[in-house]
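# Structure assessment
The chain contents come next:
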Amino acid sequence: MLGGCSEFDYPADRAVRESAIPTGRAAPTGTADAYTVREGDTLYQIAFGAGLDFRDIAQWNDIEPPYMIYPGQSLQLRPPQGRQSQTAATPAPVQRPDPSTWQWPLEGEIVRDYNPGSPGKRGIGIAADPGSPVLAAAAGEVVYSGNGLPGYGNLVIIQHNARYLTAYGYNRALLVDEGATVAQGETIARVGASDARPGELHFELRQRGEPVDPGDYLP
């Protein structure tokens, strides 16, 4: 397989890479209703930046598994007239997993609370010493590892199942590649800096592409 809101910008020259993970992905282009694919983009990355479920974007653009996209392709980010969102067409009840199935990505003070009305990123900020290990909150597959979404710095996204994914931003270093399977508690990155603090992790939990309050899930 061959994007988002900006609240903090993480200069590329501040990132210390500790593994051979692709870099230099281009910033997203397009409008609120469409997106032009650039080299290095993935459908997961585009969906995350737009706050959508990747399966909806695939459905609206008639993209079949394994969801291949190509540079220059224009993707519609809204359902075509007369076509409903796949997730809206078959709504499922909210299922909050037992908190024991999740763990905190690191220990530290919550310095930025979840704000459902935020126009930008919706997650929490956890303060920690720069370079501290960032842990996977649950087992899953790494579907994004890079720095192509403005405002997230070096970002890791893990898909846990058909419903949930987690995102870990502002990292100094990324330690996992896309496609890797990770265990709960596995080190996936090293804490980097935000514009506000020398050491901070941005953490998001999303259900079908929509951000939810991590505090409702974490133990």
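Being a predicted model, the structure only gives us computed values, none of them experimental.

## Things to note about empty space enclosed by the protein
Where empty space is left in the structure can be found by rolling a water-sized probe over the atoms. Here the largest cavity is characterised by a volume of approximately 100 Å³. In terms of lining, the largest cavity is formed by 15 residues, of which the most central are L52, D53, Q159, L165 and G209. Where the lining of the largest cavity is concerned, the elements lending two or more residues are α1 (43-50), α2 (54-60) and β9 (164-174). A class-by-class count of the residues in the lining of the largest cavity yields eight nonpolar, two polar and five charged.

## Some words on unusual backbone geometry
A cis amide bond, omega 10°, links P65 with the succeeding residue P66. Note that P66 resides in the loop between α2 and β3 (74-76). With a phi angle near 60°, Y67 is a residue other than glycine that sits in the positive phi range. Relative to the elements of secondary structure, Y67 occurs in the loop between α2 and β3. Of note in this structure, R208 is not a glycine but carries a positive phi near 50°. Turning to its location among the elements, R208 is positioned in the loop between β12 (200-207) and β13 (210-212).

## Some remarks on the side chain of E204
Checked against the element boundaries, E204 lands in strand β12. E204 gets classed as buried once you look at its relative accessible area, which sits at 0%. Within the structure, E204 has its side chain in polar contact with the side chain of Y152 (distance 2.8 Å). Among all residues touching E204, those that are not within four sequence positions of it are F48, K121, R122, G123, Y152, L165, T166, A167 and P211.

## Here we look at the side chain of R206
Looking at the secondary structure, you find R206 in strand β12. When its relative accessible area of 5% is taken as the criterion, R206 is described as buried. Within the structure, R206 has its side chain in polar contact with the backbone oxygen of F48 (distance 2.6 Å). Of note is the side chain of R206, whose polar atom sits 2.9 Å from the side chain of E204. Among residues more than four places away in sequence, those in contact with R206 are A47, F48, G51, Y152, R163, Y164, L165, P211 and V212.

## A few points about the pairing of β12
Extensive coverage of β12 is indicated by the burial of eight of its eight residues. By the bridge criterion, four bridges tie strand β5 (residues 124-127) to β12 in an arrangement that is antiparallel. If you follow I124 over to β12, its bridge partner there is F203. Note: β9 against β12, six bridges, orientation antiparallel. Bridged to L165 within β12 is R206.

## Structural notes on the pattern of salt bridges
Considering all chains together, one arrives at six salt bridges under this definition. Between R197 and E200 there is a salt bridge, with its nearest N and O atoms 3.6 Å apart. Owing to a relative accessible area of 0%, E200 belongs among the buried residues under this scheme. In the salt-bridge network here, residues are joined through shared partners; they are R112, R197 and E200.

## Points about α1
Residues spaced three or four apart along an α-helix point in a common direction, a consequence of the helix completing one turn every 3.6 residues. Within α1, seven of the eight residues are buried, leaving the element largely enclosed by the surrounding structure. Every buried residue of α1 is listed here: L43, Y44, Q45, I46, A47, F48 and G49. Positive backbone phi, approximately 70°, marks G51, located one or two places after α1.

## Description of the packing of aromatic side chains
Applying the stated criterion across every chain yields a total of six aromatic pairs. Here F54 and Y67 contribute two aromatic rings whose centre-to-centre distance is 5.4 Å and whose plane-to-plane angle is 90°, an arrangement assigned as edge-to-face. One end of the pair, F54, is in helix α2; the other, Y67, is in the loop between α2 and β3, and 13 residues separate them in sequence. Y67 shares its class with F54; the two are buried. Pairwise contacts between aromatic rings join Y44, F54 and Y67 into one cluster. Directly above the aromatic system of Y152 lies the positively charged group of K121, at a separation of 5.2 Å from the ring centroid. Residue placement shows R206 over the ring face of F48; its charged tip is 3.7 Å from the ring centre.

Calculation rules
- Residues numbered from 1 in each chain as written.
- Predicted model: local features only at pLDDT ≥ 70, side-chain atom pairs only at ≥ 80, totals over all residues.
- Heavy atoms only, no water.
- 1 Å grid on protein atoms, 1.4 Å probe; cavity = no way out; pocket = protein on both sides within 12 Å on 5 of 7 lines; lining within 4 Å.
- Points joined across faces, edges and corners; volume = space filled by probe spheres on them.
- Helix = DSSP H or I, 4+ residues; strand = E, 2+ residues; numbered from the N terminus.
- Nonpolar A, V, L, I, M, F, W, Y, C, P; charged D, E, K, R; others polar.
- Buried < 20%, exposed > 50% of the residue type's maximum accessible area, 1.4 Å probe, protein only.
- Polar contact = N/O pair within 3.5 Å; in protein donor to acceptor, adjacent residues only side chain to side chain.
- Contact = heavy atoms within 4.5 Å.
- Pairing = 2+ DSSP bridges.
- Salt bridge = Lys/Arg side-chain N within 4 Å of Asp/Glu carboxyl O.
- Phe/Tyr/Trp six-rings, centres within 6.5 Å; stacked < 30°, edge-to-face > 60°.
- Lys NZ or Arg CZ within 6 Å of the ring centre and 35° of its normal.

These results come straight from atomic positions and should not be treated as a statement about function.
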